[in-house]
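Descriptive analysis of the structure
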Amino acid sequence: MTEGKRRRGLTAASALLGGVMVLSACSGGGDDAGSGGGGDKGASQAQVDEAAAKKTSEAQIKITPKDGSNNASINNSAAVAVTKGTLTEVTMTTTDGTVVEGEIAADKKSWKPSVQLERATAYKLTATAEDSKGRAAHENASFTTVSPANSFIGNFTPDDGSTVGVGMPVSINFDKAIANKAEVQKGITVSTSSGQEVACHWFNANRMDCRPEDYWQENSTVTLKLALDGVEGAEGVYGVQQKTVNFKIGRNQVSVVDAETKQMKVTQDGKTVRTIPISAGSPENKTWEGQMVISEKFKETRMDGATVGFTDDDGKGEYDIKDVPHAMRLSNSGTFLHGNYWGAKSIFGSANTSHGCIGLADTQGANDPNTPGAWFYDNSIVGDVVVVKNTGDKTVAPDNGLNGWNMDWAQWKAGSAV
């Protein structure tokens, strides 16, 4: 064998031997090799795990709602809490980068936004906390609040902080049809400082009114609580409101309009304070009878007959008065008690001439405080009761305005869903 051939042979043998050694090491073929290699690796991993454990914070951060949630509440969804640590920083933003103001609690264990969230909006929350050893922990979450299409609200009257008459019901009009009436009604409570029992009545899928058996006790306080956040009103449609409303009941004013005598007797706390001559609906256009509640007041307003079905052959209103003084609404269908400056003064107390409203003597411009129309306007508040009788017409429907008092107590309670 020449020197060149011998070297090539040694090279090949070395390569073959190296291949066997590599194969043996990868397969763990030898007990000594396998034991030695595995032992070193296990010891190394254990050391890494131990070191990592020493560096990991014990603080546990919880963000609600869960990351990726949609249809989240606009009231209670955004919240951060920590155990085994304290919060050091929380940032909440919308997708366009707008910062949502919030506050970490005094004990640094929780955070919540300072403002109500918007519907159909995506938010991102980033939180940092430290444990007792100063080790930091981080948590992030993104979620989207419920959309208008998947939520409902109840538009209610009267307003928070208002003072109203003894006939004012709590009336709630929902912007979506409610299928789960019982669940929604359970989320609404109405109570009064007088202790009167209050019952609620559904007129339809969108409206629920609440009242006691008799008029509210004068000078009492009524509390409406809406706990509708997350309540499913219909399939896939959830409530978003969570609020408390308080309003006061004023003096007890009830006015009785007698279309036969053409007089209105005004009583306050059971005493007659004034009797006013009136002109009610003509024999061709009689005024509704029944207990009616003043729902709106306008110092001046326009009244166009065409809007309530009184039209001439040309389609225009039989009347169109652009400055009716001291108008107070009694029904949704157009019944008002208002001042009248265009009629002869002689009709008040002697003739019924209107298209169904109740007129009081007044002057154009609504600036004379000495007229009967001005006096009654100034001495009336929303929620006062006007009882109309002896018109010869039928009783106004309970849902035509805020006039549920025209339904007896048994019928009223039968309309409850709970």
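Residues numbered from 1 in each chain as written. Predicted model: local features only at pLDDT ≥ 70, side-chain atom pairs only at ≥ 80, totals over all residues. Heavy atoms only, no water.

1. With respect to the nonpolar core
I172, F174, V184, I188, V190, M208 and L224 are the most contacted members of the largest nonpolar core, which totals 34 residues. For this core, the secondary-structure elements that each account for two or more residues are β11 (170-174), β12 (188-192), β13 (198-202), β14 (207-212), β15 (221-227), β18 (242-249) and β27 (385-389). Core analysis: the second largest hydrophobic core is formed by 23 residues, I61, I74, V100 and V146 among them. (Core = buried A, V, L, I, M, F, W, Y, C linked by side-chain atoms within 4.5 Å. Buried < 20%, exposed > 50% of the residue type's maximum accessible area, 1.4 Å probe, protein only. Helix = DSSP H or I, 4+ residues; strand = E, 2+ residues; numbered from the N terminus.)

2. Remarks on the sheet that holds β18
Taken together, four strands build an open sheet; the order of strands is β10-β18-β15-β12 and the sheet is mixed. If you trace the sheet from one side to the other, it starts and ends with β10 (163-164) and β12, each paired once. Inspection of the sheet shows β12 paired to β15 by five bridges, in the antiparallel sense. Bridging across to β15, T192 finds its partner in V222. (Pairing = 2+ DSSP bridges.)

3. Section: the pairing of strand β9 (residues 154-157)
Taken residue by residue, a regular strand's side chains alternate between the two faces of the sheet. Side chains of β9 alternate between two faces, with G154 and F156 buried and N155 and T157 left unburied. Where β9 meets β11, four bridges bridge the pair, whose relative direction is antiparallel. Within the sheet, the bridge partner assigned to T157 lies in β11 and is S171.

4. Considering the sheet that holds strand β4 (residues 102-104)
One open sheet holds the four strands; their spatial order is β1-β2-β5-β4, and the pairing between them is antiparallel. For this open sheet the edge positions go to β1 (60-64) and β4, each flanked by a neighbour on one side alone. Going across the sheet, the axis of each strand differs from the next one's by a mean of 10 degrees, ignoring polarity. (Axes fitted to C-alpha atoms, helices over the stretch in contact; angles between N-to-C directions.)

5. Here we look at the pairing of strand β24 (residues 320-329)
Here β24 lies mainly inside the structure; eight of its 10 residues are buried. Pairing of strand β23 (residues 296-304) with β24, which is carried by seven bridges, proceeds in the antiparallel orientation. Bridging across to β24, K297 finds its partner in M328. Judged from the two bridges that link them, β24 and strand β25 (residues 336-340) form a sheet pairing that is antiparallel. Bridge pairing links M328 to L337 in β25. Turn length for the β24-β25 hairpin, with the two strands adjacent in sequence and antiparallel, is six residues, and the turn residue G334 shows positive phi of about 115 degrees.

6. Focus on the confidence of the model for the chain
Predicted coordinates in areas of low pLDDT are best not read in detail. Of all residues in the chain, 83% attain a pLDDT of 70 or more, and the chain-wide mean is 88. Low pLDDT, under 50, characterises residues 1-38; the predicted model gives this stretch three contacts beyond four residues in sequence or across chains. (pLDDT = per-residue confidence, 0-100. Contact = heavy atoms within 4.5 Å.)

7. What about the pattern of salt bridges?
Pairing is possible between side chains of opposite charge, provided their charged atoms come close. This structure, assessed with the given rule, holds six salt bridges. Two residues, R251 and D384, come together in a salt bridge whose shortest N-O distance is 2.8 Å. Of this pair, R251 sits in the loop between β18 and β19 (253-258) while D384 sits in the loop between α4 (372-378) and β27, placing them 133 residues apart in sequence. A relative accessible area of 1% places D384 in the buried class. (Salt bridge = Lys/Arg side-chain N within 4 Å of Asp/Glu carboxyl O.)

8. What to know about the packing of aromatic side chains
The final tally for this structure, using the stated rule, is six aromatic pairs. Seen from their ring centres, F174 and W202 are 5.6 Å apart, and the 20 degrees between their planes marks the pair as stacked. Here F174 is found in strand β11, whereas its partner W202 is found in strand β13, with 28 residues between them in sequence. Positioned over the ring face of W412 is R211, at 4.4 Å from the centre of the ring. Lying over the aromatic face of Y377, K297 brings its terminal NZ or CZ to 4.2 Å of the ring centre. (Phe/Tyr/Trp six-rings, centres within 6.5 Å; stacked < 30°, edge-to-face > 60°. Lys NZ or Arg CZ within 6 Å of the ring centre and 35° of its normal.)

9. A short note on the environment of P283
Counting through the fold element by element, P283 comes out in the loop between β21 (271-277) and β22 (290-293). Judged by its relative accessible area of 60%, P283 is exposed. Along the backbone, P283 and S354 are 71 residues apart, and their C-alpha atoms lie at a distance of 9.1 Å.

10. Digging into the environment of Q241
As for its position among the elements, Q241 is in the loop between β17 (237-239) and β18. Apart from the residues lying within four places of it in its own chain, the contact partners of Q241 are N75, I153, G154, F156, L226, A227, L228 and D229. A polar side-chain atom of Q241 sits 2.6 Å from the main-chain amide nitrogen of G154. (Polar contact = N/O pair within 3.5 Å; in protein donor to acceptor, adjacent residues only side chain to side chain.)

11. Some words on unusual backbone geometry
Both trends apply: most residues other than glycine have a negative phi, and most peptide bonds are in trans. Going from T64 to P65, the amide bond is cis rather than trans, its omega being 0 degrees. Within the secondary structure layout, P65 lies in the loop between β1 and β2 (79-83). Of note in this structure, K262 is not a glycine but carries a positive phi near 60 degrees. Among the secondary structure elements, K262 is positioned in the loop between β19 and β20 (263-268). Positioned with a positive phi, A366 is a non-glycine residue whose angle comes to about 60 degrees. Tracing the backbone through its elements, the reader meets A366 in the loop between β26 (358-361) and α4.

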